[in-house]
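What follows is each chain in one-letter form.
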Amino acid sequence: MDTNTLQYRLTESERETFERDGYFIVEDAISPKVVADLNEALDAVDAADRIDREIDPGVTNNILDFIGRDDRFLPLLDLPETFTKVWDILGWNIQLYHSHTIITPPGAPYRTGPRGGLGWHQDSGRLNWELETNPQPRISLKVAFFLTDTTDLGHANLYVVPGSHVNNELAYASDDAEEPTGAVAVRVKPGTAVFFDRRIWHASSPNVSDISRKVLFYGYSYRWLRPRDNMTVEHYFDRCTPIQRQLLGYAPTGKHGYSSPRPEDVPLKAWLEENVGEERVLA
């Protein structure tokens, strides 16, 4: 990585917001041209996937492992404007353990919860049942790149409950309340990156607009966590940088290198030692 990427490190304000609220927003993370290119790539992937899996064009499509389907998705893996903040939060022993994209057409059916409201959930499935503490450990985070406008309500906005990442259960104002206390819509323009802790309670919402909502989710975790999708990315390895290969799951010393890495497993660590040298990211 170029040392110029250090200008995008996590600010103290972003760190405080993330620790307090469980999410924060980075505007203009990607340029309008890149947004247009990614929309073009995603439209082609979505169209092919709907044919392959016989998915109706009017329903939401959640595509796992999208990163390997078009070269234009790869640069977001270690995009300076966002990746520097990822390692500032999680440190150097990290990987991309999950990529998925959600395309929500106008009027698509949406997930509801047991109370009849939105389908509130935390990420990572069984982790939320099998980890014992309250709050649970962070373990992973997502960077969501918004490719369409959600500044107005009704555009399949992401909803979150700020601060809920430190509670294993949601709080409701009453027994018959459909939505949890403090829920807010995330309203952002195309090109925005939204960072969120896997533990934050969040939900999708209806799309009553006339355009499909499109978001790319890059999930980063510690390297000892098993990938959440198939991660068919080996075809990138020959042209990736060493740090990109680390992020895509390459472990030259074998499986043991995920939990007890050697230097060749984690080139990001050496880069940080040389260019940053701070205990909070090197510990």
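Above: the structure in question.
Residues numbered from 1 in each chain as written. Predicted model: local features only at pLDDT ≥ 70, side-chain atom pairs only at ≥ 80, totals over all residues. Heavy atoms only, no water.

**Q** Help me understand the layout of surface pockets, please; the structure alone is not making it clear to me.
**A** It is the rolling of a water-molecule-sized probe over the atoms that shows where space remains empty. There is about 520 Å³ of room inside the largest pocket. Together, 26 residues line the largest pocket, and N62, H100, I102, R111 and H121 are the ones closest to its centre. Counting residues per element, the ones that place at least two in the lining of the largest pocket are strand 2 (61-64), strand 3 (94-104), strand 8 (202-203) and strand 9 (213-222). With five residues, strand 3 is the single largest residue contributor to the lining of the largest pocket. Taken together, the residues of the lining of the largest pocket sort by class into 10 nonpolar, 11 polar and five charged. Its boundaries defined by the atoms lining it, the second largest pocket holds a volume of some 320 Å³. Lining the second largest pocket we find 19 residues, and of these Q95, P227, G249, K255 and Y258 sit closest to its centre. Across the lining of the second largest pocket, the residue classes break down as 11 nonpolar, three polar and five charged. (1 Å grid on protein atoms, 1.4 Å probe; cavity = no way out; pocket = protein on both sides within 12 Å on 5 of 7 lines; lining within 4 Å. Points joined across faces, edges and corners; volume = space filled by probe spheres on them. Helix = DSSP H or I, 4+ residues; strand = E, 2+ residues; numbered from the N terminus. Nonpolar A, V, L, I, M, F, W, Y, C, P; charged D, E, K, R; others polar.)

**Q** Looking at this model, I keep getting lost on the pairing of strand 4 (residues 140-146). Mind explaining?
**A** Remember that side chains alternate between the two faces of the sheet whenever the strand is regular. Burial of strand 4 is extensive: seven of the seven residues sit out of reach of the surface. Judged by which residues are buried, strand 4 turns out to be covered on both faces: S140, K142, A144 and F146 on one side and L141, V143 and F145 on the other are all buried. Pairing geometry for strand 4 and strand 9, over seven bridges, is antiparallel. Bridge pairing links F145 to L216 in strand 9. Pairing between strand 4 and strand 7 (residues 193-197): five bridges, direction antiparallel. Bridge pairing in strand 7 places F145 opposite A193. (Buried < 20%, exposed > 50% of the residue type's maximum accessible area, 1.4 Å probe, protein only. Pairing = 2+ DSSP bridges.)

**Q** Whenever I open this one, the sheet that holds strand 9 confuses me. Can you help?
**A** Strands in a sheet are paired, the pairing made by backbone hydrogen bonds, and the direction either parallel or antiparallel. The strand order across the open sheet formed by six strands is 1-7-4-9-3-2, and the pairing between neighbours is antiparallel. The open sheet is flanked by strand 1 (23-26) and strand 2, the only strands paired with a single partner. Adjacent strand axes in the sheet meet at a mean angle of 20°, parallel and antiparallel pairs treated alike. Against the sheet, helix 1 (residues 12-21) touches strand 1, strand 4 and strand 7, its axis set at about 140° to strand 1. (Axes fitted to C-alpha atoms, helices over the stretch in contact; angles between N-to-C directions. Contact = heavy atoms within 4.5 Å.)

No statement about biological role is implied by the geometric values presented.
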